[in-house]
Structure formats: structure tokens, C-alpha cells
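What follows is the residue order along each chain.
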Amino acid sequence: MRDALVAAAFQLFLERGYEQTTVDDIVALAGVGRRSFFRYFPSKEDVVFPDHERCLTDMTAFLGAGTDEEEPVRRVCDAARLVLRMYAENPTFSVQRYRLTKKVPGLRAYELSVVWRYERALAEYLRGRFAGRPDGTLQADVIAAAVVAAHNNALRSWLRSDGQSDPDTAVDHALGYVQASFGGSPEDDGAPGEEQEDVVVVISRRGAPMWRVVREIESALGRE
């Protein structure tokens with residue numbers, strides 16, 4: 001019944017337009033009552049995005065199943081790929097929804113609220129992983145926003161191609177940029193992407209000849 005309601009809704013949206021279609025129109029075409037519609041969808045906007053709640057639940061579960069040994073930036077990038085998989089499961093529907101959302105301001109606002117919930121889930125996971133780091137909360141929020149921005153950039157490029165291009169290649173490229181910029185070992189307390197330098201301390205007698213000091217430094221660096 002849920003799928004029948006979505007199919008009926010999009011048939012009418014394409015024929016009449018979103019604003020001109022009512023819930024009564026949708027249930028009449030689907031052959032069910034209003035009560036059945038609201039059992040599945042709280043509003044007409046929700047029938048346009050029928051799969052996001054499930055995807056958000058899957059993403060939260062995926063992040064929660066991670067271990068402390070896993071690199072956190074890679075984990076959130078993999079979580080974002082769950083959203084891509086949801087869109088790629090039904091390219092025709094995804095492209096129709098993209099076109100509809102572009103035309104209806106209310107749907108664009110609704111979509112932004114959905115995107116924000118994905119970003120919040122990623123940020124909450126990273127905050128837990130970065131707890132105790134200098135600027136851990138700041139890093140978590142910035143990286144979560146970067147992951148969402150990179151994913152959405154590639155996703156929209158695929159949707160603009162009418163689902164004809166390869167979504168995995170585009171998203172892998174975009175998320176690879178995020179991983180290269182922010183990725184590191186989980187215990188790395190430095191800034192994202194910041195190269196850590198070795199510090200060598202050499203103790204030498206005052207007045208020792210310079211050649212001896214240089215040789216001691218080379219010995220400490222293992223360059224003999």
C-alpha cells in the first residue's frame with residue numbers, strides 16, 4: 001500500500017503538478033482511504049521522500065556498529081554512501097523527485113531539513129570519536145559538513161545527467177577528496193591533514209666542535 005500511494009502521488013504530481021494535487025486525489029487514485037495515507041505519511045511532503053527515514057535509521061545503525069580501531073573519517077564517508085545507494089536503487093524515481101523538488105520551494109526546504117539530519121548524525125558520531133581532542137567538536141562539525149557537501153555535489157551531478165552517469169565513481173572521487181583533506185589515524189590529535197614532525201633533542205658539551213655536534217644529530221636520526 002505504501003508503494004501504491006507513492007506511485008499514485010508521483011503520477012498525479014507529473015500530470016497536474018505538486019501544488020494542484022491533494023491528498024484526497026492521491027488516495028482516490030490509489031484506491032484507499034485518507035486514514036491509510038496518514039498511517040504511512042504524516043503529510044503530502046513526506047510522500048515525496050518516502051525512503052529517507054529508513055536510510056537515516058540505517059546510517060545511524062551503521063555508525064553505531066563501528067569500532068574504535070576504524071578510521072573515523074573513512075567511516076562517515078562510508079555512511080554517506082548509504083544515501084547514494086538509496087538513490088541509485090531507483091534512478092527513475094530519484095530523477096523525478098529531483099526535478100519536482102527543484103520546482104517547489106516547499107519541497108526544497110523540506111529536503112534541506114532532511115540533509116541537516118544526515119549531517120547531524122555524522123557529526124554526533126565524530127564528536128564521540130574526537131572526544132578529548134583539541135577542537136574535537138569543531139573538527140567533527142566541519143568534517144560532517146564537508147562529507148555532506150561532497151556527497152551532495154556528486155549526487156546532484158548524477159541526477160542532472162538523468163541518472164545516466166556512474167554515481168559511484170563521482171561520489172568516490174568527491175569523498176576521496178574529503179578523506180585526503182581530513183583523514184588520519186583515530187588517535188591522531190593534530191589538526192586534520194596536518195603533517196606531524198619529529199623533534200630530536202641532542203645534548204652536547206659546551207665548546208664541542210661543530211663536526212661532532214653534526215655527527216651526534218645524524219646518529220640520532222639514524223643517518224650514519
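What you see is a predicted model, and the numbers here were worked out from it, not measured in a lab.

Draft legend 1. Layout of the packing of helix 5 (residues 52–64) against helix 6 (residues 72–89). Where helix 5 meets helix 6, the closest approach of the two axes is 10 Å, and the angle between their N-to-C directions is 155°. One element, helix 5, and the other, helix 6, form an angle in the roughly antiparallel class. Seen from above, helix 5 lies across helix 6 with right-handed handedness. Contacts from His 52, Arg 54, Cys 55, Asp 58, Met 59, Phe 62 and Leu 63 of helix 5 reach helix 6 at Arg 75, Val 76, Asp 78, Ala 79, Ala 80, Leu 82, Val 83, Met 86, Tyr 87 and Glu 89. Among the residues making up the contact of helix 5 with helix 6, the classes are represented as 11 nonpolar, one polar and five charged.

Draft legend 2. Structural detail: helix 9 (residues 136–160). For helix 9, spanning 25 residues, the distance from its first C-alpha to its last is 36 Å, which sits close to the expected 36 Å at 1.5 Å a residue. Backbone geometry just downstream of helix 9 places Asp 162 in the positive-phi region, at approximately 65°.

Draft legend 3. Geometry of the environment of Arg 2. Looking at where Arg 2 falls in the secondary structure, it is placed in helix 1 (residues 2–16). Here Arg 2 falls in the partly exposed class, since its relative accessible area comes to 32%. Sequence separation between Arg 2 and Phe 41 is 39 residues, and the spatial gap between their C-alpha atoms is 8.7 Å. Arg 2 has contacts with Tyr 40, Phe 41, Pro 50 and Asp 51, leaving out every residue within four places of it along the chain.

Draft legend 4. Up close: the side chain of Arg 75. One can find Arg 75 in helix 6. When its relative accessible area of 11% is taken as the criterion, Arg 75 is described as buried. Within the local environment of Arg 75, its side chain forms a polar contact with the backbone oxygen of Phe 62, the two atoms lying 2.6 Å apart. In contact with Arg 75, other than residues within four places in its own chain, are Phe 62, Leu 63, Ala 65, Gly 66, Glu 70 and Tyr 125.

Each value, and the rule that gives it
- Residues numbered from 1 in each chain as written.
- Predicted model: local features only at pLDDT ≥ 70, side-chain atom pairs only at ≥ 80, totals over all residues.
- Heavy atoms only, no water.
- Axes fitted to C-alpha atoms, helices over the stretch in contact; angles between N-to-C directions.
- Helix = DSSP H or I, 4+ residues; strand = E, 2+ residues; numbered from the N terminus.
- Parallel < 35°, antiparallel > 145°, perpendicular 65-115°, else oblique.
- Left-handed = near helix turned anticlockwise from the far one by under 90°.
- Contact = heavy atoms within 4.5 Å.
- Nonpolar A, V, L, I, M, F, W, Y, C, P; charged D, E, K, R; others polar.
- Expected span 1.5 Å × (residues − 1).
- Buried < 20%, exposed > 50% of the residue type's maximum accessible area, 1.4 Å probe, protein only.
- Polar contact = N/O pair within 3.5 Å; in protein donor to acceptor, adjacent residues only side chain to side chain.

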